[in-house]
Amino acid sequence: KYKLIKKKKTKGRDCDWSWEAIIWTSIGWSVSVGLGLLCCIYVATLHENDLWFSNIKEVEREISFRTECGLYYSYYKQMLQAPSIQEGLSDLIHDNLTESKRTINLLQRMNIYQEVFLSVLYRSLPIQSYLEPVYFYIYTVFSLQAVYVIALYLTAWLLSGSWLAGTLTGVWYILNRVDTTRVEFTISLRENWSLPFLALQVTAITCYLRPQLTALQQVLVWLMYVTTFCFCLTWQFNQFILLVQALVIYTLDCVDLLTTTQVTTLYLVQVSGLLSVWLLQFCNSMILGSLVLSFIVAALFVRHCQSGLKSGSLLVRLGKLLLHSAMVFLLTFTINYLAKVLLPLLPSFFSHSLFPLDFDASLYLCEEAFGLLPLDTLDRLASTLLLHPYSLTLLLLSGMLAVAALQNLRMKYIWTGHMCAVAAYGVCGKELWTLLLTTLRCNSKVLVRFWPKLMEELSELREFYDPDTVELMTWISTKTPKRAVFAGSMQLLAGIKLCTGRVLTNHPHYEDKDLRERTKQVYQVYACRSPEEVHDILRAAGADYVVLENSICYERRHRRGCRLRDLLDLANGHIMDGPGENDPDLAPASHPRFCEAIKTDTVAYTALFTRTFQNKTFHVYRVKKKHKKIPKSSPEPSATQ
């Protein structure tokens, strides 16, 4: 009777909404919106101050969309310039400008539904007279940063029970902008579109796993599905994030911290989101062949077959758990292998990470964004007082999780004895206290200047200045045929497509095997190859012009072994230039480096290539067409194509 009365009182207290509680909650929501808007205005101001975006030419604005950002933005521009929405969609589905000699379905190959949606929205709304298309685009992306901050805020509020924790979350996110986002200079990257939806999904999952929310569970399930769907639709790397989530769900299920209904629901939400994207992307086989989908199917199937997993003595349960895990992972790889065999699936370049690095994997892993975490990152996070409480909280939560798991496995008497010894060492051990105080910098004077640092960033004014690229784009737009095909680096070609609309041989969306092979071939212009070999490669790709960049030919940004010319030399079996060691199986190249030798204007090069443009940064050559060889018995003279 006492328990029943206590339960009723608790339930009544949870549902009690006094005026004080309503006001306090309203303040919490207002603060979340305020912090979100503050972050949005902050990154928008940094973007404007860095480029003076409102005062530069349109071509300079487009050039500022670097690397693949320009490629993605070009499809938004293409949709706006189309005579109608239907024709614009048709051009995207039957695109023959992005890859020469190929017609591809961009909605299937790339995650550009966000550009399609924004272009349709911009054409439908009565805002064309006072808001330029580029501002509509970038303001949307910056607004998603506000959504990101609000979602993180709500997650902290749900976990702690106080919106003050959410406030601290938002403040920390803004203070650590260098390590939390790069949206102000990589606006169009897929991560800037998708991560806000991932944060919303985590918020929905956090709320769903809270007890006594029976009335809201159905709404939360739909919210989890919508956010998962949007996250998957806007980023091609979604499957790797979802795989981590699925592994966490599997682990919590194994230690009996989630109910059967919760586990099944979370798995089905992930599957539903992936399959919905699969349909919208015209049955993209990469989704069906993803490892996360295979893992979820395997986990649900084995879980259904092995229903008595959480019963029996300790040794029996541990044995069942090991057998269960072995069966799940074995079935996962079996399903994934069969999917790749039965489907016309081309494995992602990430599969190469299990083997020695090849050209494609090295090309990405040599970039800073894909490399190891720099040590100065930890120093920056510590300077804003974020790293220390995070580490401590993570340690405490890990301990609580371990306690809950061990209690479920009935190991109390084995574990608590060791706990006494470890706890005594922790309290009395001088080494641990010294290490803790040193880590917290309690033995040194630390001055954290948050506000002056933010004001310094906001007051620093710059201007976009890249006259060589502007000159190149202007020349291409005015001096070359509209259907001319250009070869070059992926990053530059993305800008050429955006600014000039010319046809490309390759581009930065690097998830297609054939495109990766073509890119590797086109990049031979920076390798030690003969002019005849390079000419044949470029003509096979349909190139009319090739753009050579001094910044790549004489690259110094990366270390030796990570420069593009080094990666090409290694792939071709040639020794790398410059001081340093080389593998013994490498041999000297029989030809000079093409991008250097072509500038000598010797007969071997001028017979195949004609320089048509040059400045301090770029050299453009027209790829000549070879003469047709006509048999001597033929009375007709030779003709140049």
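On a predicted model such as this, the values are computed, not experimentally measured, just so you know.

Overview of the overall build of the protein
Helix and strand counts for the protein come out as 31 helices and 5 strands. When the 641 residues of the protein are sorted by exposure, 44% land in the buried category. The contacts of the protein with a sequence gap of at least 6 include a subset with a gap of at least 24, amounting to 67%. Within the structure as shown, the protein displays about 34,500 Å² of accessible surface, and the carbon and sulfur contribution to it stands at 65%.

Let's talk about the pattern of salt bridges
Across all of its chains, the model carries 20 salt bridges by this definition. For R102, the salt bridge goes to E99, with nearest N and O atoms at 3.1 Å. By relative accessible area, which is 25% here, R102 ends up partly exposed. For R529, the salt bridge identified is with E533, shortest N-O distance 3.2 Å.

Describing the packing of helix α13 (residues 238-254) against helix α14 (residues 260-280)
Close contact between α13 and α14 brings their axes to 10 Å; oriented N to C, the two are set at 165°. Taken together, the axes of α13 and α14 lie roughly antiparallel to each other. Here α13 runs over α14; the crossing is left-handed. Across the interface between the two elements, N238, L242, Q245, A246, I249, Y250 and D253 from α13 touch V263, L266, Y267, Q270 and L274 from α14. Counted by class, the contact of α13 with α14 contains 8 nonpolar, 3 polar and 1 charged residues.

Quick look at the packing of aromatic side chains
Here a ring pair, both rings aromatic, is described through the centre-centre distance and the interplanar angle of the planes. The tally for this structure, following the rule as stated, stands at 26 aromatic pairs. Measuring from ring centre to ring centre gives 5.0 Å for Y73 and Y137, while their planes differ by 85°; the resulting arrangement is edge-to-face. Within this pair, whereas Y73 is found in helix α4 (residues 68-81), its partner Y137 is found in helix α8 (residues 133-160), the two being separated by 64 residues in sequence. With respect to burial, Y73 and Y137 carry one shared label: buried. In this structure, R61 is placed above the aromatic ring of F53, and the distance from its NZ or CZ to the ring centre is 5.3 Å. The ring of Y72 carries the charged tip of R190 above its face, separated from the ring centre by 3.7 Å.

A word on the side chain of Q239
Positionally, Q239 belongs in helix α13. With sequence-adjacent residues up to four places away left out, Q239 is seen in contact with M286, S290, L291 and V292.

A closer look at unusual backbone geometry
In this structure, D256 is a non-glycine residue whose phi angle is positive, near 65°. By the element assignment, D256 lies in the loop between α13 and α14. Given the relative accessible area of 35%, D256 is considered partly exposed. One non-glycine residue with positive phi stands out, namely D601, at about 60°. Tracing the backbone through its elements, the reader meets D601 in the loop between α30 (594-597) and α31 (603-606). Classification of D601 by relative accessible area gives partly exposed; the value is 40%.

Some words on the sheet that holds strand β3 (residues 545-549)
Judged by pairing direction, the sheet is mixed, and its 5 strands sit side by side in the order β2-β1-β3-β5-β4 without closing on themselves. Of all the strands in the sheet, the pair left with one neighbour each is β2 (503-504) and β4 (609-614). With 5 bridges connecting them, β4 and strand β5 (residues 618-623) associate as antiparallel partners. Bridge pairing links T610 to R622 in β5.

Quick notes on the UniProt feature "transmembrane region" (unreviewed entry) in the protein
Here the UniProt-annotated "transmembrane region" (unreviewed entry) positions come out as residues 21-44, 219-237, 278-301, 321-339 and 387-406. Between the first and last C-alpha atoms of residues 21-44 the distance is 35 Å; the span itself is 100% helix and 0% strand. Along residues 219-237 the backbone is 79% helical and 0% strand, and the end-to-end C-alpha distance reaches 27 Å.

Here we look at the pairing of β3
Working note: regular strand, side chains alternate between the two faces of the sheet. Counting buried residues in β3 gives 5 out of 5 residues, a clear majority hidden from the surface. Burial of β3 is two-sided: the residues Y545, V547 and E549 facing one way and the residues V546 and L548 facing the other way are all buried. Pairing between strand β1 (residues 485-487) and β3: 2 bridges, direction parallel. Directly across from A487, in β3, lies its bridge partner V546. Here β3 pairs with β5 via 5 bridges, running antiparallel. Along β5, the bridge assignment pairs Y545 with R622.

Some details on a nonpolar patch on the surface
A contiguous nonpolar patch, built from W17, W19, I22, I23, W24, I27 and L164 and spanning about 820 Å² of accessible area, is present on the exposed surface. Here the nonpolar patch gets 5 residues from one element, more than from any other, and that element is helix α2 (residues 19-51). Following the sequence through the fold, I23 ends up in helix α2.

Let's talk about the packing of α13 against helix α16 (residues 291-305)
Helix-helix packing: each pair is described by the crossing angle between the helix axes and the interaxial distance. Contact geometry for α13 and α16: axes closest at 8 Å, N-to-C directions at 20°. On the basis of the axis angle, α13 is roughly parallel to α16. As for the relative orientation of α13 and α16, their crossing is left-handed in sense. For the pair formed by α13 and α16, the contact residues are Q239, L242, L243, A246, L247, Y250 and D253 on the first element and L291, V292, F295, I296 and R303 on the second. When grouped by side-chain class, the residues that make up the contact of α13 with α16 number 9 nonpolar, 1 polar and 2 charged.

Side note on the nonpolar core
Core analysis: the largest hydrophobic core is formed by 49 residues, its most contacted members being L92, I112 and Y267. Those elements that place two or more of their residues in this core are α4, α6 (106-109), α7 (113-124), α11 (190-208), α12 (217-233), α13, α14 and α16. Setting aside anything within four residues of it in sequence, one finds L92 in contact with Y75, Q78, M79, I104, N105, L106, L107, I112 and V116. Formed by 45 residues, the second largest nonpolar core is a distinct cluster that contains I56, L118, L144 and F486.

Examining the side chain of S294
As for its placement among the helices and strands, S294 is situated in helix α16. Separated by 3.4 Å, the side chains of S294 and N336 make a polar contact. Leaving out residues up to four positions away in the same chain, S294 has contacts with T332, I335 and N336.

Examining the pairing of β5
Taken across its 6 residues, β5 has 5 buried, putting it largely inside the fold. Hairpin connection from β4 to β5: 3 residues lie between these consecutive antiparallel strands.

Cut-offs applied
Residues numbered from 1 in each chain as written. Predicted model: local features only at pLDDT ≥ 70, side-chain atom pairs only at ≥ 80, totals over all residues. Heavy atoms only, no water. Helix = DSSP H or I, 4+ residues; strand = E, 2+ residues; numbered from the N terminus. Buried < 20%, exposed > 50% of the residue type's maximum accessible area, 1.4 Å probe, protein only. Contact = heavy atoms within 4.5 Å. Areas by Shrake-Rupley, 256 points an atom, 1.4 Å probe, with all protein chains shown as cover. Salt bridge = Lys/Arg side-chain N within 4 Å of Asp/Glu carboxyl O. Axes fitted to C-alpha atoms, helices over the stretch in contact; angles between N-to-C directions. Parallel < 35°, antiparallel > 145°, perpendicular 65-115°, else oblique. Left-handed = near helix turned anticlockwise from the far one by under 90°. Nonpolar A, V, L, I, M, F, W, Y, C, P; charged D, E, K, R; others polar. Phe/Tyr/Trp six-rings, centres within 6.5 Å; stacked < 30°, edge-to-face > 60°. Lys NZ or Arg CZ within 6 Å of the ring centre and 35° of its normal. Pairing = 2+ DSSP bridges. UniProt positions renumbered as here; feature names shortened; annotations may be inferred. Patch = residues over 30% accessible without salt bridge, like charges linked within 9 Å, V, L, I, M, F, W, Y side chains within 5 Å. Core = buried A, V, L, I, M, F, W, Y, C linked by side-chain atoms within 4.5 Å. Polar contact = N/O pair within 3.5 Å; in protein donor to acceptor, adjacent residues only side chain to side chain.

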